[in-house]
Amino acid sequence: MAKQKIQVLILAGLGVYLLFVVVSGRLYYYINERFTWLVVAGGIIFLGTALALGLEAMRKNQPDEEEKAHSESHAGHEHGKVPNWSLLIAGIPLLLGFLITPKPLDATTLSVRGVSTSGLSVARGENLLIEAPTDSRNVLDWVRAFSFSEDISEFEGEPVDLIGFVYQEPSLGENQFLVSRFTLSCCVADAFAIGVRVESEEAQDWESNQWVHLIGRISVQENDGSPEAVVIPLRMVEIEPPPQPYLFP
Amino acid sequence: MSGKHAQEAKCKIRGMKALRNGLGALGLAMLAVLGALALQNWMAAGFLITPPPAFSTFTTIFLGIFIEAAPFLLLGTLASGLVEVFISRERLQGMLPSNPVLGALSGGLMGLFFPVCECGVVPLTRRFIRKGMAPATGIAFMLASPVLNPIVIGSTYAAYGWGPMLYLRVGLSLLIAVATGLVFSLQSERGKLLKQPLPLTRDGHSVHGHGADLRPLGQRFQQALALAAEEFFEMGRYFIVGAMLAALLQTLVPQSNLLALGSGPVLSVLAMIALAVLLSICSTVDAFVSLAFVGSFTQGSILAFLVFGPMVDIKSTLLYLQVFKPRYVVYLILLPLLMTILISVTLNLNVVW
């Protein structure tokens, strides 16, 4: 019976955690915001299940005999008693979720993940090019525009106004760095990092992970024979990391 | 039992009860402490552990997978529990066609109305076959229902949207399941498939929703819930371990290292199949874990992971060995394996998506 109580507690804990993640706004660190309703529904169902189980556990007065008959009738299944370590493993998300400082994906993971300036990995079926007006394009819009365009030089001189975090990509020259965002289709598991190149003499003054608001113009340059779009900044200021750091393709 | 024995037995039971209660109390106390910590953390918003960046990344990825998937996992086990308790199997069987092709096809599609989890489907199929279901139908049902299942379709949609991955997962699973079922129809004697001999009379157990279950609705509902909770914890551990592994991989292994493995049209398929078998993740949520590999592995290999995993993995192989004779377990593994590899590699080589 004690095991069942622990099950109830873990289920309740998970329900609380899911709801807490939504209410606190942390949800935006983890999954695509279109799924918010799913997490809320999930949280409620977890709590409901915990409640129903809890009520049943309180009603049962003769645990041993009933449990024995119960498990005999399950001879056909693989459902036996729940082993202890299953409960422990189920507690891991609770521990990690409640005790570790929540942090969205950032530049520290880019050395492992890699970041793209010209292509989008398509996890989902749709990969549409949505025409956004030039000065409100974000990093995603720009990378898309670059990857869909046949001749990058058409962007020469166009104004740029976007936000992102700095990433000092090792393979770029001293005067260049990336301003990047992560895009999510579903959740951080499929997060794909994209960025635009920025060229500036003060490139070294900026640190990876700083969030910036970048205003500038595109300059198309030759690099190893192929044209490459680079942003020349007019103004770049540091900003607070936005509550919703990801973009959704 | 003599009086003395009875007294000793009683003492033993009381002793064990006390021990269990003690352990239970300890467990509860630990959880209470955790709960108090969590609460304090919520209120103070400063009492948080800030680990090294890699661990933070790992935590973020893991929680991302978990938060997205947990509702599906629970829904899957709830549906499964309800089906176990409330659906009458006899009525269902009367409705199935006897022609092997139609039988296999309807077996494959049945899962759409009978959402049972991967693990519950094996003993369920055994019960169907013992009650007279044709082998073709039963096998097709067993292999297809882990994917042709509204909850799995829902979670695959959540992960991949309305696109080729979703359609191919569903379509190919049905195809392979029906094809395998048809091969099994060559063995028309149901009795030879199963390890246990067929019953001469009706099965004795009637705790579950056979037509004659007269227990009050509330009680049956409670049982469904208890089953669901058990299954959640049992399935949950594989999923959580799989999610941790995927998160670890994404945190530690540079993509470039994986590309050698992940971009080869044949090698990637074999690797993902091996991973699917190893991780044994429930089909309701494996789509979310597979997302972690989209950046480095071919689409064909991800499809193989999503199609083969629900049919064969360590968990289900153990169950197959309990229910079917070894020779048929070999067929159950090899036929889907060959078909999956063939189709996935062909897709990798010929189709760009």
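The structure this text deals with has already been given above.
A short tour of the structure in this document, coming up.

The rules behind the values
Residues numbered from 1 in each chain as written. Chains lettered and ligands numbered in written order. Predicted model: local features only at pLDDT ≥ 70, side-chain atom pairs only at ≥ 80, totals over all residues. Heavy atoms only, no water. Salt bridge = Lys/Arg side-chain N within 4 Å of Asp/Glu carboxyl O. Helix = DSSP H or I, 4+ residues; strand = E, 2+ residues; numbered from the N terminus. Buried < 20%, exposed > 50% of the residue type's maximum accessible area, 1.4 Å probe, protein only. Contact = heavy atoms within 4.5 Å. Buried area = accessible area lost by both parts, 1.4 Å probe. Polar contact = N/O pair within 3.5 Å; in protein donor to acceptor, adjacent residues only side chain to side chain. Pairing = 2+ DSSP bridges. Expected span 1.5 Å × (residues − 1). Bend = angle between axes of the 7 residues up to and from the residue. Phe/Tyr/Trp six-rings, centres within 6.5 Å; stacked < 30°, edge-to-face > 60°. Lys NZ or Arg CZ within 6 Å of the ring centre and 35° of its normal. Axes fitted to C-alpha atoms, helices over the stretch in contact; angles between N-to-C directions. Parallel < 35°, antiparallel > 145°, perpendicular 65-115°, else oblique. Left-handed = near helix turned anticlockwise from the far one by under 90°.

Let us now look at the pattern of salt bridges. Residue and element names in this part refer to chain B. With the rule as written, the count across this model stands at three salt bridges over all chains. Note that R169 is salt-bridged to D286, the shortest N-O span being 2.9 Å. Taken together, the positions of R169 in helix α8 (residues 164-184) and D286 in helix α13 (residues 286-291) put the pair 117 residues apart, joining distant regions of the chain. Looking at R169, the relative accessible area reads 1%, which means it is buried. Residue classification places D286 among the buried positions, given a relative accessible area of 2%.

Tallying the contact residues gives 79 residues for chain B and 76 residues for chain A. At the boundary of chain B with chain A, total buried surface from both sides reaches about 6,800 Å², with 70% on carbon and sulfur atoms. Among the residues of chain B in contact with chain A, I67, F233 and R237 of chain B are the three that bury the most area, contributing 11% of the side total. Our count for the contact surface shared by chain B and chain A stands at zero salt bridges. In this assembly, chain B and chain A are joined by four residue pairs in polar contact (both at pLDDT 80 or more). Those elements giving two or more residues to the side of chain B that touches chain A turn out to be α1 (3-44), α2 (53-86), α5 (118-130), α7 (150-160), α10 (217-252), α13 and α15 (314-323) of chain B. The dominant element in the side of chain B that touches chain A, judged by the number of residues it contributes, is α2 of chain B, at 22 residues.

Next up on the list: unusual backbone geometry. At N209 of chain A, a residue that is not glycine, the phi angle is positive and equals roughly 90°. Among the secondary structure elements, N209 of chain A is positioned in the loop between β4 (192-199) and β5 (211-223).

This brings us to the pairing of β5 of chain A. Residues and elements named next belong to chain A. Inspection of the sheet shows strand β2 (residues 159-167) paired to β5 by seven bridges, in the antiparallel sense. Its bridge partner lying in β5, D161 is registered against I215. Counted between consecutive antiparallel strands, the loop separating β5 from strand β6 (residues 226-238) contains two residues, among which D224 sits at a positive phi close to 55°.

Residues and elements named next belong to chain A. In this model helix α4 (residues 84-99) runs 22 Å from its N-terminal to its C-terminal C-alpha over 16 residues, within 8% of the 22 Å that 1.5 Å per residue would give. At G91, α4 shows its maximal bend, which comes to roughly 25°, and the proline P93 appears one to four places after that position. All of the buried residues in α4 are S86, L87, I89, A90, G91, P93, L94, L96, G97, F98 and L99.

Our next topic: the packing of aromatic side chains. On inspection of all chains with the given rule, the structure shows 20 aromatic pairs over all chains. Here the aromatic rings of F58 of chain B and F62 of chain B are separated by 6.3 Å at their centres, their planes lie at 15°, and the arrangement is stacked. Pair noted here: F58 of chain B and F62 of chain B are both in helix α2, with a separation of four residues, about one helical turn. The burial state of F58 of chain B is the same as that of F62 of chain B; both residues are buried. Residues F184 of chain B and Y328 of chain B carry aromatic rings whose centres are separated by 5.9 Å and whose planes lie at 45° to one another, so their mutual orientation is tilted. One end of the pair, F184 of chain B, is in helix α8; the other, Y328 of chain B, is in helix α16 (residues 326-350), with 144 residues separating them in the sequence. One aromatic cluster is present, formed by F55, F58, F62, F66 and F239 of chain B through successive ring pairs. A cation sits over an aromatic face here: R137 of chain A above W142 of chain A, 4.8 Å from the ring centre. Here the basic side chain of K315 of chain B rests over the ring of Y238 of chain B, its NZ or CZ set 5.1 Å away from the ring centre.

This paragraph deals with the packing of α4 of chain A against α2 of chain B. The N-to-C vectors of α4 of chain A and α2 of chain B enclose an angle of 125°; their axes lie 10 Å apart at closest approach. In terms of their interaxial angle, α4 of chain A and α2 of chain B are classed as oblique. Considering how the two elements wind past one another, α4 of chain A and α2 of chain B form a crossing that is left-handed. Packed against α4 of chain A, whose contacting residues are I92, P93, L96 and G97 of chain A, the element α2 of chain B presents F55, F58, T59, F62, L63 and F66 of chain B at the interface.

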